[in-house]
Protein chains: 2
Amino acid sequence: MLSKKTKYGIKALTFLARQEGNIPVQIATISNSENISLKFLESILLTLRKNGFLGSKKGKGGGYYLLKKPKDIQMTSVMRVLEGPIAMVPCVSLNFYEKCADCPDENTCAVHKLMIQVRDSSLEIFRNTTLADLCDC
Amino acid sequence: MLSKKTKYGIKALTFLARQEGNIPVQIATISNSENISLKFLESILLTLRKNGFLGSKKGKGGGYYLLKKPKDIQMTSVMRVLEGPIAMVPCVSLNFYEKCADCPDENTCAVHKLMIQVRDSSLEIFRNTTLADLCDC
DNA sequence: TTATTAATCTACTAAATCTATAGGGTTTAG
DNA sequence: CTAAACCCTATAGATTTAGTAGATTAATAA
């Protein structure tokens, strides 16, 4: 299951991508338009800012804005920051690899074999999809 | 993340698929070979039996065995029984569809658009992979 | 028939994670 | 100064996951 965090994060990013120019948009504006709990969204935007997707402006007239063009934001990086590893099991993860404690041999492991395929196909989709593709802009 | 339930379930199925003939295999045997908590595995095998993948025999010489040939067991059905929906969000699920409460229009929803692609590619892999493919038998 | 073996079933619990909220702190524009 | 708006930490409630306990039922062998 996709977490609400990721779901809301993607929605917020596309909302920002659809704005004219790079004028800061307030959390409350996004929260209202996309029906997302304000404080929860706040924490999500914070992590997006800390990971280089968003810039922010404090004080009156402040808000959040995209730091890059939508077509330069790959969904791989968005997913990794919000959702974590793209792989369904750590033993097939490229960026977060971990050996399974219970599994003696990855080469004969059925789960490993299957999940590598799933990882590769998901990865291809996330790589070839940018924020621009999702918001048609 | 793939649940341990699904991971263990797939391992158990491949273990059974690798056996000669359809001789019942005891839970303890699988539990030991695959390093899975016996009682947890017990509950997993029970759901696999209730969903038509396994047969069981009680008493001495009893155990679990596959009801179909490995090549006739698609991973789609295994995943749906153990892990649940293949889609990452209910609004793109074929078998477990649910409308998102917060989302006014699926057609303009970025998450929807992205997750349909992911669903389709995962589905294709699970459809084209059988238990036989995973255990090379 | 009796003992043994092994699956069946129900209920429960501990831990982890997710979702959301609370509440103060800090910065900026006017 | 003051109101607007982001910054940050902590925490609570709900849900899910992973595993445990223990009694029951069925099959087999002696």
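In case you missed it, the structure is sitting above this.
Just so it is clear, the model here is predicted, and its values are computed rather than measured.

> Explain helix H1 (residues 4-17) of chain A to me, please; I cannot follow it from the model alone.
The periodicity of an α-helix, 3.6 residues per turn, causes residues three or four places apart in sequence to face the same way. All names here are of chain A. With 14 residues, H1 extends 20 Å between its outermost C-alpha atoms, agreeing within 8% with the 20 Å of an ideal straight helix rising 1.5 Å per residue. In terms of residue burial, H1 counts as a mostly covered element, since 12 of its 14 residues are buried. Within the span of H1, buried status applies to Thr6, Lys7, Tyr8, Gly9, Ile10, Lys11, Ala12, Leu13, Thr14, Phe15, Leu16 and Ala17.

> Got a minute to help me understand the pattern of salt bridges in this structure?
Taken as a whole, this structure holds 12 salt bridges over all chains when the rule is applied. Close ionic contact of Lys71 of chain A with Asp72 of chain A constitutes a salt bridge, the shortest N to O distance being 3.4 Å. Since its relative accessible area comes to 41%, Asp72 of chain A is described here as partly exposed. Linking Glu42 of chain B and Lys39 of chain B is a salt bridge whose minimum nitrogen-to-oxygen distance equals 3.4 Å. Here Lys39 of chain B and Glu42 of chain B lie together in helix H3 (residues 38-50), a separation of three residues that amounts to about one turn. We classify Glu42 of chain B as partly exposed; its relative accessible area is 29%.

> Just to check I follow, could you spell out the relation of the copies chain B and chain A for this structure?
Between the two copies, chain B and chain A, the superposition gives an RMSD of 0.1 Å; the rotation angle is 180 degrees and the shift along the axis is 0.0 Å. Expressed as an axis order, the relation between the two copies is that of a two-fold axis. It is Ser121 of chain B whose C-alpha, among those of chain B, lies nearest the rotation axis, at 3.2 Å. A shared binding surface is used by both copies, with 100% of the interface residues of chain B retained as interface residues in chain A.

> What's the story with the interface of chain B and chain A in this structure? I'm lost.
Put simply, an interface is often sized by how much accessible area is lost when its parts join up. Across the contact, 35 residues belong to chain B and 35 residues belong to chain A. When residues of chain B are sorted by the area they lose upon contact with chain A, Met88, Asp102 and Leu114 of chain B head the list and together hold 19% of the total. The interface formed by chain B and chain A holds six salt bridges in total. Here Asp102 of chain B and Lys11 of chain A are joined by a salt bridge, their closest N and O atoms 3.2 Å apart. At the boundary of chain B with chain A, the tally comes to 15 residue pairs in polar contact (both at pLDDT 80 or more). Of all the elements in the fold, those that place two or more residues in the side of chain B that touches chain A are helix H1 (4-17), helix H4 (75-82), helix H5 (110-127) and helix H6 (131-135) of chain B. In terms of residue count, H5 of chain B provides more of the side of chain B that touches chain A than any other element does, 11 residues in total. Here the residues of the side of chain B that touches chain A sort into 20 nonpolar, seven polar and eight charged.

> Can you walk me through the pairing of strand S1 (residues 54-57) of chain A in this structure?
Along any regular strand, the residues point their side chains to alternate faces of the sheet. Residues and elements named next belong to chain A. Sheet topology note: the S1/strand S2 (residues 63-66) ladder contains four bridges and is antiparallel. Within S2, the residue paired with Ser56 across the bridge is Tyr64. The turn joining S1 and S2, which pair antiparallel and follow one another in sequence, is formed by five residues; a positive phi near 75 degrees is taken by Gly59.

> Looking at this structure, I do not really get the protein's contact with DNA strand D. What am I missing?
Lining the immediate environment of DNA strand D, one finds 28 residues, of which Gln26, Glu42, Ser56 and Tyr64 of chain A together with Lys39 of chain B sit closest. In DNA strand D, atoms within 4 Å of the protein come 69% from sugar and phosphate. Here Lys4 of chain B contributes a backbone N or O atom positioned 3.1 Å from a phosphate oxygen of DNA strand D. For DNA strand D, a base oxygen lies 2.3 Å from a polar atom in the side chain of Lys39 of chain B. For the surface near DNA strand D, the secondary structure elements donating two or more residues are helix H3 (38-50), S1 and S2 of chain A together with H1 and H3 of chain B. Per element, the largest residue contribution to the surface near DNA strand D is five residues, and it comes from H3 of chain A. Partitioning the surface near DNA strand D into residue classes produces six nonpolar, nine polar and 13 charged.

Cut-offs applied
- Residues numbered from 1 in each chain as written.
- Chains lettered and ligands numbered in written order.
- Predicted model: local features only at pLDDT ≥ 70, side-chain atom pairs only at ≥ 80, totals over all residues.
- Heavy atoms only, no water.
- Helix = DSSP H or I, 4+ residues; strand = E, 2+ residues; numbered from the N terminus.
- Expected span 1.5 Å × (residues − 1).
- Buried < 20%, exposed > 50% of the residue type's maximum accessible area, 1.4 Å probe, protein only.
- Salt bridge = Lys/Arg side-chain N within 4 Å of Asp/Glu carboxyl O.
- Least-squares fit on C-alpha atoms with pLDDT ≥ 70 in both.
- Contact = heavy atoms within 4.5 Å.
- Buried area = accessible area lost by both parts, 1.4 Å probe.
- Polar contact = N/O pair within 3.5 Å; in protein donor to acceptor, adjacent residues only side chain to side chain.
- Nonpolar A, V, L, I, M, F, W, Y, C, P; charged D, E, K, R; others polar.
- Pairing = 2+ DSSP bridges.
- Near = heavy atom within 4 Å.

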